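Fold and geometry: a report
One letter stands for each residue in the lines below.
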Amino acid sequence: MKKLLAMLVAFTLILALAFCGPSASADLVLDPETSSRPEDNVVGVWFFQLEETILRLELLPDGTYTLGLDGLPEESSGGVWRLEDGFVWLDDSEQPFSVMGDALYWHALGVFAVREEPLPIYRAVETVEAPAGTMDGYWVALFLELDGQVFSTELLGESLDLYVEGLRAAMGGPIFGDQIVDLEEEDGALVLAGEGFRVTMQLQRDGFMRLTLSTEEEGELYYYLLPVSLDDADDADA
C-alpha cells in the first residue's frame, strides 16, 4: 500500500505542478506593510475536482501555500503565492488562477476551485449478510478507498477482479496475482486469511461488493466491486 500511496501522491503533484517552474524566491511573499490586502478575499482553502480526484489548495495569510490530495495533508507540496491583477500565482508558474467571484479558475487544467469540499465520487453503504453462493459470479473493482479518500481504479491504473463460486475464488490483479484460493464463511462474509493479512468480502446494500484488505503493518484498504457478466468482460478485453 505504500507503493500505491506514493503513486497517488506523485500523480497529484505532477499534475498540479506541471506548469510551475522552479521554486520562487522569498520576495514573492506578500508584504502586509505595503499590500492593500485584496488577497484576504482568496486566503483560505480551495478544492479542485480533477477527473475523480480532489485537490486541496490552501492559501495562507503569510503568502505561503500547500497543495495536495484532500485528506493527505502530510503529503502536500508547498511554496509561496501572490495576488496580482486579479490572478493568483503559485511560485513562478506561467499559468495562474483567475479570481472569479467565489471561485478560482485554473487556466492550465481548465477547472474551477470552490470553497465547499466536493462530495466523494462514491460513498460506501452498509453491508448485509451474504452466505456462500450469494456473491457467486465475476466482479470488477471500480473504486478504491485509501485513508478515507475514494479514487477511481481506472484513473489510478489499478485493477482487481474476482470470480467467486461458493467457497472458492479466482483472484486477479497486481495485489493478489492470478490465483485460486479457498475461502471461509464468517458472519455473513467470505474471508481469506493468511500470515499477516486478511481479505474480507462483504455484500453491500447497493449491490457492490466491499473487499477489505487488512495487513498488520499497513492497516486497511477497501475495494468496491460491481458484478459484470463474463460476456461483457470478454467484449471489454477484445
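Let me begin by describing the structure that accompanies this report. Numbering of residues begins from 1 in every chain and follows the order in which that chain's sequence is written. Note on the predicted model: pLDDT of at least 70 is required for a residue's local features to be given, and 80 or more for side-chain atom pairs to be given and counted; whole-chain, interface and lining totals, by contrast, use all residues. By convention in this description, side-chain values take in all heavy atoms of the structure and omit both hydrogens and water.

**Observations concerning the pairing of strand 5 (residues 87-90)**
Bridge analysis of strand 4 (residues 77-84) against strand 5 gives four bridges, and the strand direction is antiparallel. Bridging across to strand 5, Arg82 finds its partner in Trp89. DSSP bridges decide pairing: two strands pair if at least two such bridges lie between them. In DSSP terms, a helix is any run of H or I states spanning at least four residues, a strand is any run of E spanning at least two, and both are numbered starting from the N terminus. Counted along the chain from strand 4 to the antiparallel partner strand 5, the turn is two residues long, and its residue Asp85 has a positive phi close to 55 degrees. Bridge count between strand 5 and strand 6 (residues 97-100): two bridges; the pairing is antiparallel. Counterpart to Phe87 in the pairing with strand 6 is Ser98. From the end of strand 5 to the start of strand 6, which pair antiparallel, there are six residues, and Asp91 there has a positive phi angle of about 50 degrees.

**Looking at a negative patch on the surface**
A cluster of acidic residues, Glu195, Glu216, Glu217 and Glu218, forms a negative patch at the surface. Relative to the helices and strands, Glu217 resides in the loop between strand 18 (209-215) and strand 19 (219-227). Patch definition: residues with relative accessible area over 30% and no salt bridge; like charges joined within 9 Å; nonpolar side chains (Val, Leu, Ile, Met, Phe, Trp, Tyr) joined within 5 Å. Areas reported here follow the Shrake-Rupley algorithm with a probe of radius 1.4 Å; residue values treat only the protein chains shown as occluding. A pairing counts as a salt bridge when a side-chain nitrogen of Lys or Arg comes within 4 Å of a carboxyl oxygen of Asp or Glu. Charged residues are defined here as Lys and Arg on the positive side and Asp and Glu on the negative side; His and the ends of the chain fall outside this count. Charge positions come from single atoms, namely NZ of Lys, CZ of Arg, CG of Asp or CD of Glu.

**Details of the packing of aromatic side chains**
When two rings of Phe, Tyr or Trp (its six-membered ring) have centres within 6.5 Å they constitute a pair, described as stacked for plane angles under 30 degrees, edge-to-face for angles over 60, and tilted for the intermediate range. Under the defined criterion, the tally for this structure stands at nine aromatic pairs. Relative to Phe208, the ring of Phe143 lies with its centre 6.2 Å away and its plane at 40 degrees, an arrangement referred to as tilted. Separated by 65 residues along the polypeptide, Phe143 in strand 10 (residues 137-146) and Phe208 in the loop between strand 17 (197-204) and strand 18 bring together distant segments of the chain. In this structure, Phe143 and Phe208 share a single accessibility class: buried. Counting as a charge over the ring demands two things of the Lys NZ or Arg CZ atom: a distance within 6 Å of the ring centre and an angle within 35 degrees of the ring normal. Positioned above the aromatic ring of Trp46 is the side chain of Arg115, whose terminal nitrogen or guanidinium carbon lies 3.8 Å from the ring centre. Note on classification: 1.4 Å probe, protein chains only; a residue is buried when its accessible area is under 20% of the maximum for its type, exposed when over 50%, partly exposed between these limits.

**Brief notes about the sheet that holds strand 7 (residues 103-106)**
One closed barrel holds the eight strands; their spatial order is 1-2-3-4-5-6-7-8, and the pairing between them is antiparallel. Adjacent strand axes in the sheet meet at a mean angle of 30 degrees, parallel and antiparallel pairs treated alike. All axes are obtained by fitting lines to C-alpha atoms, using only the stretch in contact for helices, and the reported angles, taken between N-to-C directions, cover 0 to 180 degrees.

**What to know about the pattern of salt bridges**
Counting across every chain of the model gives five salt bridges. A salt bridge links Glu126 to Arg205, with the nearest nitrogen and oxygen atoms 2.7 Å apart. In this pair, Glu126 is assigned in the loop between strand 8 (111-114) and strand 9 (127-128) and Arg205 in the loop between strand 17 and strand 18, connecting sequence segments 79 residues apart. Taking the relative accessible area as the measure of exposure, Glu126 reaches 49% and is therefore partly exposed. A relative accessible area of 56% means that Arg205 is categorised as exposed. The partner of Arg168 in a salt bridge is Asp182, with the nearest N and O atoms 2.5 Å apart. With Arg168 in strand 13 (residues 168-172) and Asp182 in strand 14 (residues 179-182), this residue pair connects regions lying 14 residues apart in the sequence.

**Some details on the nonpolar core**
The nonpolar core is taken to be a set of buried Ala, Val, Leu, Ile, Met, Phe, Trp, Tyr and Cys residues, with the residues joined through side-chain atoms within 4.5 Å. Leu162, Met171, Met201, Leu211 and Leu225 are the most contacted members of the largest nonpolar core, which totals 28 residues. For this core, the secondary-structure elements that each account for two or more residues are strand 10, strand 12 (161-165), strand 13, strand 16 (189-194), strand 17, strand 18 and strand 19. Considering every element that reaches this core, the biggest residue donor is strand 10, with four residues. Working rule for contacts: check all heavy atoms of both residues, and any pair within 4.5 Å makes them a contact. In contact with Leu211, not counting residues within four places along its chain, are Leu160, Leu162, Phe176, Val199, Thr200, Met201, Leu221, Tyr222, Tyr223 and Leu225.

**A word on the environment of Leu109**
Position of Leu109 among the secondary structure elements: in the loop between strand 7 and strand 8. Expressed as a C-alpha distance, the spacing of Leu109 and Leu50, which sit 59 residues apart in the sequence, is 8.5 Å.

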